[in-house]
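Results of the structural survey
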Amino acid sequence: MSDGAEVDPAELHPLARLPEDWEVVLARAGEPRFRARQVFRWLHAQGQHSPTEMTNLPRPLRQQLTSETLDVPAAVGSVHRAEDGTRKLVLELDGARVECVLIPMTRPAGEAKDADLAALPDDDDDVADDAPRSQRVTLCLSTQYGCAMGCVFCASGRAGLVRGLRAEEIVAQVQIARRHLEPGEHLRNLVFMGMGEPLHHYDETARALRVLTHADGLDLSPRRITVSTVGLVPGIRRLGRDFSGKIGLAVSLHAPNDAVRAQIVPMNQRYSVADILAALAEYPLPRRRRITIEYTLIAGVNDRPEHAEELARVLRRLRVKVNLIPMNAVAGAGLEGSPPERVAEFRERVARAGLSCFVRVRRGDDVSAACGQLAYSGPLVDPARLRGVGRASREP
Ligand code: SF4
């Protein structure tokens, strides 16, 4: 795996170190190799950040570790709870303020029974999991403070990019979110869909993924992690190569052709729809997995019947499922989400062409925690307006 320029492990934040990095750091202090795994386990599997509590370490090592800042480099500024149980955590980092969102997999009243199934990864049921579905939680996390991509419907990109988050700040979101689980809840899925473009910031994102999936740490399953990108082709290729296609991939396509896409996704000037689809065709997907195509429906822009037909046509040779997202209200965007009947018709047309196509359930919109609303705190349109359209999905 490539991780960009070589760094001295001692210069990494302790939460960003893998066991092999700890080996280097601890060897300099004369410690045997196995101590590295012990320290890593305390920090990530146990969530223990106080060296004095690391009871299987010798006293001199515990003493030495007190000279490092082992705690998470983030503080919880506030917690906002939506009626549907979604919790948005506003985190204060060094010179940054980001949000992550805990989304319980509860089924809102009146939602179709198959909605939960639609939300699951394709081969999900192969994976042993003791937690009842009602107690599973998905965490949506951020990788940047702001975003450079400038998608017109998105609050996160409004102010441009302030800075990328470091690996330890990405890992910290998971650690903090675990502390905010309610009794019986089980953190099951991670989606890199919060503020920022994860692949614009590849090295830190990749390091965080390695830490989070390491067997001696949290040991999160790569198949339960989804990285969402606006379509940065070199990053898609690297992610596929570095993780053998095991990390789930979601691509924000939002249009079936360059003419429409260029109106809403400025990055389309760099990587065209054809470039992106070519990279997806080469992504080394494991058997029975599919790439998620995200498509935000914007009234009068990309929601016409011919757009649905063209989308189905350009995707027909790929192993994908389509996730339709009625655009959330974002103040000042001058755009509106497609009306429910338009969303339903669009889904119908794509599904009739033989593709799996779901409408994402809106979660947490009363606390601005819904898709495209992170970092935005203005007024919202009536969220009921777009609810209950077609089949539902709350997937990554
Ligand atoms: S949708 Fe994603 S890539 Fe586009 S501006 Fe928002 S955070 Fe950035």
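Rules behind the numbers
Residues numbered from 1 in each chain as written. Predicted model: local features only at pLDDT ≥ 70, side-chain atom pairs only at ≥ 80, totals over all residues. Heavy atoms only, no water. Helix = DSSP H or I, 4+ residues; strand = E, 2+ residues; numbered from the N terminus. Contact = heavy atoms within 4.5 Å. Areas by Shrake-Rupley, 256 points an atom, 1.4 Å probe, with all protein chains shown as cover. Buried < 20%, exposed > 50% of the residue type's maximum accessible area, 1.4 Å probe, protein only. Core = buried A, V, L, I, M, F, W, Y, C linked by side-chain atoms within 4.5 Å. Domains from an automatic or database assignment. Phe/Tyr/Trp six-rings, centres within 6.5 Å; stacked < 30°, edge-to-face > 60°. Lys NZ or Arg CZ within 6 Å of the ring centre and 35° of its normal. Salt bridge = Lys/Arg side-chain N within 4 Å of Asp/Glu carboxyl O. Near = heavy atom within 4 Å. Nonpolar A, V, L, I, M, F, W, Y, C, P; charged D, E, K, R; others polar. pLDDT = per-residue confidence, 0-100. Pairing = 2+ DSSP bridges. Right-handed = clockwise from strand over helix to strand, strands pointing away. Polar contact = N/O pair within 3.5 Å; in protein donor to acceptor, adjacent residues only side chain to side chain.

1. Observations concerning the overall build of the protein chain
Summing up its helical and strand segments, the protein chain has 11 helices and 13 strands in all. Partitioning the intrachain contacts of the protein chain with sequence separation of at least 6 by distance along the chain shows that 71% fall at a separation of at least 24. For the protein chain, the computed accessible surface area is about 16,200 Å², with 48% contributed by carbon and sulfur atoms.

2. Notes on helix H7 (residues 233-242)
Regarding H7, the residues found buried are Val233, Gly235, Ile236, Leu239, Gly240 and Asp242. Considering only its buried residues, H7 is in contact with helix H6 (202-213), strand S8 (225-229), strand S9 (248-252) and helix H9 (273-282). Phi for Ser244, located one or two positions after H7, is positive at around 50 degrees.

3. With respect to the nonpolar core
Leu190, Leu280 and Leu315 are the most contacted members of the largest nonpolar core, which totals 96 residues. In terms of residues, this core owes the most to one element, helix H5 (residues 167-179), which gives 7 residues. Both domains that furnish three or more residues to this core are identified here as domain 1 (9-65) and domain 2 (75-393). The next biggest cluster of nonpolar side chains, apart from the first, holds 6 residues, and it includes Val101, Ile103, Cys140 and Val191.

4. Some remarks on the packing of aromatic side chains
With the rule as written, the count across this model stands at 1 aromatic pair. With 5.0 Å between their ring centres and 40 degrees between their planes, Tyr295 and Phe346 make a pair best called tilted. A residue pair is termed long-range when its members are at least 10 positions apart, and Tyr295 in strand S10 (residues 291-297) and Phe346 in helix H11 (residues 340-352) qualify at 51 residues. Take Phe346: its relative accessible area is 1%, and that puts it in the buried class. Sitting over the ring of Trp22, Arg17 keeps its end group 4.6 Å from the ring centre.

5. Section: the pattern of salt bridges
One pass over the full model with this rule turns up 26 salt bridges. The salt bridge partner of Glu169 is Arg163, with a shortest N-O separation of 2.8 Å. For the pair Glu169 and Arg163, a shared accessibility class is recorded, and that class is buried. Connected via shared salt-bridge partners are Glu23, Arg33, Arg37, Arg41 and Asp216.

6. So, the site of the ligand
Close contacts around the ligand come from Cys147, Met149, Gly150, Cys151, Cys154, Ser156, Gly157, Gly196 and Val230, and that covers them all. Of the residues belonging to the shell around the ligand, the class tally is 5 nonpolar, 4 polar and no charged.

7. A short note on the confidence of the model for the protein chain
When the pLDDT values of the protein chain are averaged, the result is 85; 82% of them are 70 or greater. Every residue in residues 108-128 is under pLDDT 50, and counting partners more than four places away or in other chains gives 51 contacts.

8. A word on the pairing of strand S7 (residues 186-192)
Taking burial as the measure, the 7 residues of S7 include 6 buried ones, the bulk of the element. The pairing of S7 with S8 spans 3 bridges and is classified as parallel. Opposite Phe192, over in S8, you have Val227 as the bridge partner. What joins S7 to S8 is H6, and the crossover it makes is right-handed.

9. Details of unusual backbone geometry
In most cases, non-glycine residues show a negative phi, while peptide bonds are predominantly trans. A positive phi angle is found at Asp219, which is not glycine, with a value near 55 degrees. With respect to the helices and strands, the residue Asp219 is situated in the loop between H6 and S8. Asp219 gets classed as partly exposed once you look at its relative accessible area, which sits at 46%. Despite not being glycine, His254 shows a phi value in the positive range, around 65 degrees. Positionally, His254 belongs in the loop between S9 and helix H8 (258-264).

10. Concerning the environment of Ala299
Its location among the elements puts Ala299 in the loop between S10 and helix H10 (305-315). Taking the relative accessible area as the measure of exposure, Ala299 reaches 29% and is therefore partly exposed. Other than its neighbours up to four places away in sequence, Ala299 contacts Glu336, Gly337, Ser338 and Pro339.

11. Things to note about the side chain of His201
In this structure, His201 sits in the loop between S7 and H6. Of the residues examined, His201 reaches a relative accessible area of 15% and is grouped as buried. Among the polar contacts made by the side chain of His201, one reaches the main-chain carbonyl oxygen of Leu165 at a distance of 2.4 Å. The contact partners of His201, leaving out residues within four places of it in the chain, are Thr143, Gln144, Gly164, Leu165 and Arg166.

12. As for the environment of Gly157
In this fold, Gly157 is placed in the loop between strand S5 (144-146) and strand S6 (161-164). A C-alpha to C-alpha distance of 5.5 Å links Gly157 and Gly146, two positions 11 residues apart in sequence.

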